[in-house]
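# Descriptive structure summary
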Amino acid sequence: MRARLQAAAVIVALAATVAGCGDDDPPSAPASAAAPSPAATPSAPAFDPPTRFGPTGTALGEARPGDVLLRGTTAFVAGDARTTVVDVAGGRQLSVLTPKQAPITRNPAAAGHRPVLIDPSGRPTVVVPYAVEIPASGTVASRQAVELLVIDATDGRLTTTVTVDAKPAEGDFSLVAADPVRVVGGRGTAVVLGIGKQVTVVVDVSTGNTLWRDDDFAASALLGDTVVGLTAPDARYRRSVTGLALLDGAERWSALSVADAELAAAGPSFVVAVGRQNDGKRFYALVKKDGTLVNRTTGEYRVGLRCAYDEAAVTVCALGNSEPLFALDSTTGDDLWQLPATGRRAPRMTAAWHGAVYGTVNGAAVVLDARTGLDRSVSPGVAPVAVTAHGGLAADPSDGGTMVFHPALG
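Rules behind the numbers
- Counting restarts for each chain, with residues numbered from 1 along the sequence as it is written.
- For this predicted model, a pLDDT threshold of at least 70 governs which residues receive local features, and a threshold of 80 or more governs which side-chain atom pairs are given and counted, while totals over whole chains, interfaces and linings are taken from all residues.
- As a rule here, side-chain values cover all heavy atoms of the structure and leave hydrogens and water aside.
- Per the convention used, a helix needs a DSSP run of H or I reaching at least four residues, while a strand needs a run of E reaching at least two, with both numbered from the N terminus.
- Residue burial considers only the protein chains on display, and all accessible areas are found by Shrake-Rupley using a 1.4 Å probe.
- Strands qualify as paired when DSSP identifies two bridges or more between them.
- With axes taken as lines fitted to C-alpha atoms, and helix axes fitted only over the stretch in contact, angles between N-to-C directions fall between 0 and 180 degrees.
- Geometry of aromatic contacts follows a simple scheme: Phe, Tyr and Trp rings, the Trp one being its six-membered ring, pair when their centres are within 6.5 Å, and the pair is stacked under 30 degrees between planes, edge-to-face over 60, tilted otherwise.
- Each residue's exposure class comes from its accessible area (1.4 Å probe, protein chains only) as a fraction of the maximum for that residue type: buried when under 20%, exposed when over 50%, partly exposed otherwise.
- Two limits define a charge over a ring: the Lys NZ or Arg CZ must be within 6 Å of the ring centre, and within 35 degrees of the ring normal.
- Here, the term disulfide refers to a pair of cysteine sulfur atoms separated by no more than 2.5 Å.
- Polar contacts here mean pairs of N or O atoms no more than 3.5 Å apart (in protein, one a potential hydrogen donor and the other a potential acceptor; neighbouring residues in sequence count only if both atoms are side-chain atoms).
- In the sections that follow, a salt bridge refers to a side-chain nitrogen of Lys or Arg positioned within 4 Å of a carboxyl oxygen of Asp or Glu.

On to the overall build of the protein chain. Scanning the protein chain for helices and strands turns up one helix and 32 strands. Summed over all atoms, the accessible surface of the protein chain reaches about 17,000 Å², with 50% contributed by carbon and sulfur.

It is worth spelling out the pairing of strand β21 (residues 293-298) at this point. Bridge analysis of strand β20 (residues 282-288) against β21 gives four bridges, and the strand direction is antiparallel. Of the residues in β21, the one forming a bridge with Val-287 is Leu-293. Where β20 hands over to β21, the hairpin turn is made up of four residues, of which Gly-291 adopts a positive phi near 90°.

Pairing is antiparallel across the open sheet formed by seven strands, whose spatial order is β15-β16-β17-β18-β19-β20-β21. Here the strands that pair on one side only, and so sit at the sheet edges, are β15 (217-223) and β21. Going from strand to strand, the sheet's axes swing by 30° on average, the running direction of each strand aside. The pairing of strand β16 (residues 226-231) with strand β17 (residues 238-245) spans five bridges and is classified as antiparallel. Opposite Val-228, over in β17, you have Gly-243 as the bridge partner.

Turning our eyes to something else, we now look at the sheet that holds strand β28 (residues 364-369). The strand order β26-β27-β28-β29 describes an open sheet built from four strands, whose pairing is antiparallel. Two strands close off the open sheet at either side, each with one partner strand: β26 (348-353) and β29 (375-377). Ignoring which end each strand starts from, the neighbouring axes of this sheet average 35° apart. The pairing of strand β27 (residues 356-361) with β28 spans six bridges and is classified as antiparallel. The residue of β28 that forms the bridge with Thr-360 is Ala-365.

Considering all chains together, one arrives at two aromatic pairs under this definition. Seen in terms of ring centroids, Phe-53 and Tyr-358 are 6.0 Å apart; in terms of plane orientation they differ by 65°. Their pairing is edge-to-face. On the criterion of sequence distance, the pair formed by Phe-53 in the segment before β1 (58-62) and Tyr-358 in strand β27 is long-range, its members being 305 residues apart. Here Phe-53 and Tyr-358 have matching classes, each one buried. Aromatic pair Tyr-284 and Phe-326: ring centres 5.7 Å apart, planes at 70°, arrangement edge-to-face. Remark: Phe-326 occurs in strand β24 (residues 325-329) and Tyr-284 occurs in strand β20; sequence separation between them is 42 residues. You'll find Tyr-284 and Phe-326 in the same group, each marked buried. Of note, Arg-296 hangs over the ring of Phe-283, and the distance from its end group to the ring centre comes to 4.7 Å.

Across the junction of Asp-48 and Pro-49, the peptide omega takes the value 0°, indicating a cis bond. Examined against the element boundaries, Pro-49 turns out to sit in the segment before β1. Residue Pro-340 follows Leu-339 across a cis peptide bond; omega there is 5°. Look at Glu-311: it is not a glycine, yet its phi comes out positive at around 65°. Along the polypeptide, Glu-311 turns up in the loop between β22 (305-309) and β23 (314-319). Overall, the relative accessible area of 52% leaves Glu-311 in the exposed class. Backbone geometry places Asn-362, a non-glycine residue, at a positive phi of 50°.

Per the stated rule, a full pass over the model turns up one disulfide. The disulfide partner of Cys-307 is Cys-317, and the S-S distance across this bridge is 2.1 Å. On the sign convention where negative is left-handed, the bridge of Cys-307 and Cys-317, at about 105° about the S-S bond, is right-handed. Of the two residues, Cys-307 is situated in strand β22 and Cys-317 in strand β23; the sequence distance between them amounts to 10 residues. Residue classification places Cys-307 among the buried residues on the basis of a relative accessible area of 18%.

Let us look at the side chain of Asp-225. With respect to the helices and strands, the residue Asp-225 is situated in the loop between β15 and β16. A polar side-chain atom of Asp-225 sits 3.4 Å from a polar atom in the side chain of Lys-289.

With that settled, consider the pattern of salt bridges. Scanning the model with the defined rule gives 12 salt bridges in all. A salt bridge links Asp-329 to Arg-371, with the nearest nitrogen and oxygen atoms 2.7 Å apart. Remark: Arg-371 occurs in the loop between β28 and β29 and Asp-329 occurs in strand β24; sequence separation between them is 42 residues. The exposure class of Arg-371 is partly exposed, given its relative accessible area of 40%. Among the ionic pairs, Arg-344 bridges to Asp-375, the shortest N-O distance being 3.2 Å. With Arg-344 in the loop between β25 (335-339) and β26 and Asp-375 in strand β29, the pair connects residues that are 31 residues apart, well separated along the chain. Its relative accessible area of 48% is what places Asp-375 among the partly exposed residues.

Spelled out as structure tokens, the structure:
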């Protein structure tokens, strides 16, 4: 099927946690930073997956569509200056959390604060990254850093914050790249952090210690205990797809050297890669945890790769803004379907969850079956960017900067 895409990337499960600190409880936040204990909230209707949403909903705060996380009935909305945690079932704000240092917001269009869920020692935790500026003190000049908000996912309380100094040569975070500070993933208490275009840092969020740092490697995904990413470009602008050990950053394998490479995280089994070979032809491949390449195919593959794992069995990927869109079995990598197809258009994907793909066609919301690609609902109400059985988050059409929770109706 891929050959038809012509027109159209912890430490060894940290053995549960990092050795030497696995059973220690993370430090508690000051009382002033903690949210009050949540009271009982009314139960919300649940549909797995939802295919219809209420036309109106609860405004949750300002954030970009990619900077939100929905877990059950708890929404984490990461704006430029603060993260708001809301119980969407009861409409209650659980907490408003801010970095200790001043967030860098001089160029908001280039910032990113995508919340990522990790699960150290069975305690679901949300990590939100912020680029911050530490003010000058005495003879020490001001400097930039990354501050991680570490949040208890069950009640929205701030557990701790972790500050990671930036590489001075990276300059202004807000101008370095489209998504300059990002949490790639985590295992146990180890979190993989990307800074700028090609800096990767792995941090133990329970201790605040930096486990390792590589200034010439851009992490794209965490497969088991292997960090998969791209090395810095050489003199010919070629980069190597490489796997590093989560424990210490040691190189485990280097799969291939390519130009114009893009990697997209695609679930627990593989990373999707597109790029240009030595002969100048564009190619597509899946990269597994051990560096094995499978389903490699050449073709006119567009730039702009992005993938979404439905947290069940399917990975859906897009090339470019709207087409082509294709789906893979998230375990085997086998092709499932592709759009556009004869008589059918490709939607612009906004999310995928539990067997459903959400998106828009010419601005109208639609839901596809993730396994077959067939239309599942042609009038779902909204095209959510984050979904659970209870509903979805979508941008307010009258104010694209405000996120709204739309309850599931079916």
